[in-house]
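Residues per chain, in single letters:
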Amino acid sequence: MIHHLRCTGCGRGIEPAEIGGDFRCPDCGELFEVVYPEWEETKRPNPVALKWLWKERRSSLAEIDQSGVWRFRELLPIVDNASVVTLREGNTPLYRLPRNGARLGLPELFAKHQGMNPTSSFKDAGMTAALSVAKARGFQWVACASTGNTSAAMAAYAARAGMRCLVLVPEGKIAWGKLAQAMDYGAVTLQLQTDFDGCVAVLGEVVRRAPVYLLNSVNPYRVEGQKTPAVEIAEAMNWDVPEHVIVPGGNLANVSALGKGFMEMQALGLISRVPKLSVIQAEGANPLFRAVHEFGGERLEPVQAQTRATAIRIGNPASWRKALAVLRDTGGWVEQVSEAEIALAKARIGQEGIGCEPASAVTLAGLEKLMAAGRVKREERVVLLLTGHTLKDADYTIAYHRGDLLKPEEVGGLAEQIEASRRNAMPMDANADAVLRLLEKEQA
Ligand code: F0G
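Presented here is an overview of the structure given in this document. (Residues numbered from 1 in each chain as written. Predicted model: local features only at pLDDT ≥ 70, side-chain atom pairs only at ≥ 80, totals over all residues. Heavy atoms only, no water.)

### Section: the overall build of the protein
Here is the rule: Secondary structure follows DSSP: runs of H or I at least 4 residues long count as helices, runs of E at least 2 residues long count as strands, and numbering of each begins at the N terminus. As a reference, a globule follows 2.2 Å times the number of residues to the power 0.38, and the radius of gyration itself is taken over C-alpha atoms. Only protein chains enter the accessibility calculation, which uses a 1.4 Å probe; a residue whose area is less than 20% of its type maximum is buried, one above 50% is exposed, and one in between is partly exposed. Only heavy atoms enter the contact rule, under which two residues are in contact if any of them lie within 4.5 Å. The method behind every accessible area is Shrake-Rupley, applied with a 1.4 Å probe, and residues are considered shielded solely by the protein chains displayed. Note on charges: Lys and Arg go in the positive column, Asp and Glu in the negative column, and His and the chain ends are not counted at all. By convention, the point assigned to a charge is CZ for Arg, NZ for Lys, CD for Glu and CG for Asp.
Helices and strands together make up the secondary structure of the protein, namely 19 helices and 13 strands. In terms of overall size, the protein behaves like a compact globule, its C-alpha atoms giving a radius of gyration of 22 Å where 444 residues would be expected to give roughly 22 Å. Counting only C-alpha atoms, the protein reaches 70 × 50 × 50 Å along its principal axes. Counting every position in the protein, which comprises 444 residues, the buried fraction comes to 58%. In the protein, the proportion of contacts linking residues at least 24 apart, taken out of those at least 6 apart, comes to 69%. On the protein, roughly 18800 Å² of surface is accessible, and the fraction owed to carbon and sulfur atoms is 50%. Charge-centre separation for the protein: the mean point of 51 positive side chains lies 2 Å from the mean point of 52 negative side chains.

### Description of the site of the ligand
The condition is simple: Proximity is defined per residue: any heavy atom of the residue falling within 4 Å of a molecule or strand makes that residue near it. Here a polar contact is recorded for every N or O atom pair within 3.5 Å, except that within protein the pair must consist of a potential hydrogen donor and a potential acceptor, and residues adjacent in sequence are included only if both atoms are side-chain atoms. Classification used: nonpolar for Ala, Val, Leu, Ile, Met, Phe, Trp, Tyr, Cys and Pro, charged for Asp, Glu, Lys and Arg, polar for all others including Gly.
Surrounding the ligand, one finds 20 residues, the nearest of these being Ser146, Thr150, Asn251, Leu252 and Thr387. A distance of 2.8 Å separates an oxygen atom of the ligand from a polar atom in the backbone of threonine 150. A total of 470 Å² of accessible area belongs to the ligand in isolation, and the protein chains cover 99% of it. Among the secondary structure elements, those contributing two or more residues to the shell around the ligand are helix H6 (149-161) and helix H11 (253-267). Considering only residue class, the shell around the ligand consists of 8 nonpolar, 10 polar and 2 charged.

### So, the side chain of serine 121
Structurally, serine 121 is set in the loop between strand E5 (109-113) and helix H5 (123-136). Once residues within four sequence positions are removed from consideration, serine 121 is found in contact with Gln114, Gly115, Asn149, Thr387, Gly388 and Lys392.

### Here's the deal with the packing of aromatic side chains
Rule in force here: Only rings of Phe, Tyr and Trp enter the pairing, Trp through its six-membered ring, and a pair is recorded when the two centres are within 6.5 Å. The plane angle decides the type: under 30 degrees is stacked, over 60 is edge-to-face, the rest tilted. Whether a charge sits over a ring comes down to the Lys NZ or Arg CZ being within 6 Å of the ring centre and within 35 degrees of the ring normal.
Inspection of every chain in the model, using the stated rule, returns 5 aromatic pairs. Ring centres of phenylalanine 23 and tyrosine 213 lie 5.6 Å apart, and the angle between their planes is 90 degrees; this geometry places the pair in the edge-to-face category. Of this pair, phenylalanine 23 sits in the loop between strand E2 (13-14) and strand E3 (32-35) while tyrosine 213 sits in strand E9 (residues 212-214), placing them 190 residues apart in sequence. Considered together, phenylalanine 23 and tyrosine 213 belong to a single accessibility category, that of buried residues. With centroids separated by 6.2 Å and ring planes inclined at 35 degrees, the aromatic side chains of tryptophan 54 and tryptophan 239 adopt a geometry described as tilted. Here tryptophan 54, found in helix H2 (residues 47-56), pairs with tryptophan 239, found in the loop between helix H10 (228-236) and strand E10 (244-248); they are 185 residues apart in sequence, far enough to count as distant. Tryptophan 239 carries the same exposure label as tryptophan 54, and that label is buried. A cation sits over an aromatic face here: arginine 299 above phenylalanine 295, 4.0 Å from the ring centre.

### Focus on the packing of helix H14 (residues 339-350) against helix H16 (residues 394-402)
Here is the rule we go by: As a rule, the C-alpha atoms of each element are fitted with a line to give its axis, helices using only the stretch in contact, and angles between N-to-C directions run from 0 to 180 degrees. Angles below 35 degrees are treated as roughly parallel, those above 145 as roughly antiparallel, those between 65 and 115 as roughly perpendicular, and all remaining angles as oblique.
At a minimum axis separation of 11 Å, H14 and H16 run at an interaxial angle of 95 degrees. Compared by their axis directions, H14 and H16 come out roughly perpendicular. Of the residues in H16, those in contact with Glu339, Ile342, Ala343, Leu344, Lys346 and Ala347 of H14 are Tyr396, Thr397 and Tyr400. Taken together, the residues of the contact of H14 with H16 sort by class into 6 nonpolar, 1 polar and 2 charged.

### Some thoughts on the pattern of salt bridges
Oppositely charged side chains can pair when the atoms bearing their charge come close. Just so we agree on the cut-off: The salt bridge criterion pairs a side-chain nitrogen of Lys or Arg with a carboxyl oxygen of Asp or Glu, the two atoms within 4 Å.
Overall, the coordinates contain 29 salt bridges when judged by the stated rule. Here aspartate 27 ties to arginine 12 by a salt bridge, and the two come within 3.1 Å at their closest N and O atoms. Of this pair, aspartate 27 sits in the loop between E2 and E3 while arginine 12 sits in the loop between strand E1 (4-7) and E2, and the two are 15 residues apart along the sequence. The class of arginine 12 is partly exposed, set by a relative accessible area of 31%. Residue glutamate 419 pairs with arginine 422 through a salt bridge whose shortest N-O separation is 2.7 Å. Glutamate 419 sits in the partly exposed class, given a relative accessible area of 48%.

### Examining unusual backbone geometry
Here the phi dihedral of phenylalanine 23 falls at roughly 60 degrees; this positive angle occurs in a residue that is not glycine. For serine 120, which is not glycine, the phi torsion reads 70 degrees and is therefore positive. With respect to the helices and strands, serine 120 occurs in the loop between E5 and H5.

Encoded structure:
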């Protein structure tokens with residue numbers, strides 16, 4: 001679609017080619033969003049025809065149709081097809097979680113597993129969109145600051161496109177699986193002695209001084225790609241959207257993107273209402289939670305972020321105003337969860353044969369809090385957004401099952417449930433009798 005860019009702060013419009021390298025509004029410093037002028041006129045696409053077309057594309061052999069992002073290209077900015085860089089991202093499964101659903105008395109509990117993407121996180125959906133724009137604009141270098149997943153995704157897509165890429169990550173604070181991906185895909189990877197927020201600051205200066213295309217989520221095209229899982233959720237539920245969608249919150253682009261997706265679908269007549277979108281943060285990285293609960297949504301005070309869920313170890317989220325608008329417009333909430341709650345929730349998602357990384361597990365822990373507060377009712381349908389694959393951070397999982405992850409003072413009232421969920425690997429003699437004795441014990 002033909003698109004414009006509009007500032008989400010002051011409403012200023014700007015031509016796509018004129019946007020600055022930091023993607024901030026020159027007047028008010030806020031972020032831009034993509035808007036489609038045709039939708040405000042009479043040229044709106046026909047919703048019935050769109051649903052049919054998108055379904056048809058599922059059986060197409062064309063690369064662009066096989067992507068679960070570009071399949072919905074009527075909702076995306078136009079890029080010429082030759083510039084599209086795709087790894088067949090999207091089309092991720094919507095799983096039922098019957099055991100957790102039964103435990104919580106919530107029969108309609110689902111997980112949208114964005115970890116089942118080419119680089120094993122939700123970042124691929126946004127990356128295919130924004131990197132394709134970078135390619136179309138003729139950039140040779142792309143760059144991001146990252147807690148790991150964005151850099152893995154960017155490195156993969158840049159490699160596919162034959163472009164160079166620069167990754168800034170906080171030294172010692174990202175999971176090995178993610179660092180390994182950036183290296184494998186050939187990124188120039190720099191570990192800076194700072195946190196994620198410090199990496200963002202350094203990169204801001206780099207993109208002002210060099211012709212490097214910024215692929216952090218302040219880039220409005222990232223958000224466009226990242227809204228397509230909302231379309232997939234709606235499609236998978238036959239266009240009758242769930243009552244709640246629950247999302248982890250870090251830099252807060254994901255909730256902003258999904259909110260945009262659901263609201264645009266409603267405006268186009270593809271769905272008749274939007275789900276409540278709620279954000280869950282780790283207690284040690286909770287600036288949005290504090291902005292809402294302490295400052296009435298008026299301001300956000302950056303925090304010194306600290307959590308083992310390193311993906312969301314972010315103290316000064318770029319998209320907090322967009323996220324607040326989504327909470328307000330959809331009627332969702334923001335909650336925070338402890339390190340022990342995250343770890344237990346992750347084990348419980350693993351027990352369903354699905355698994356996820358720690359940052360994703362905040363959604364299940366947060367759901368329990370929302371239910372306890374009466375905000376989610378038993379008859380309602382809930383979708384948890386699982387953002388990353390369990391293998392991204394195997395160290396965390398192994399430490400949990402060995403009993404080395406949490407300090408005793410962190411466990412609190414969850415000690416028994418955590419013990420019951422642990423499945424450590426056991427050393428054993430290479431002897432069938434010993435193995436059989438153990439099997440009998442397990443069956444008893
Ligand atoms: N879950 C995972 C697995 C993530 O990697 C991230 C963010 C989030 C949740 C939070 O999403 O920032 O849109 O609110 N990771 C970024 C990165 C910051 O650099 O990979 P958000």
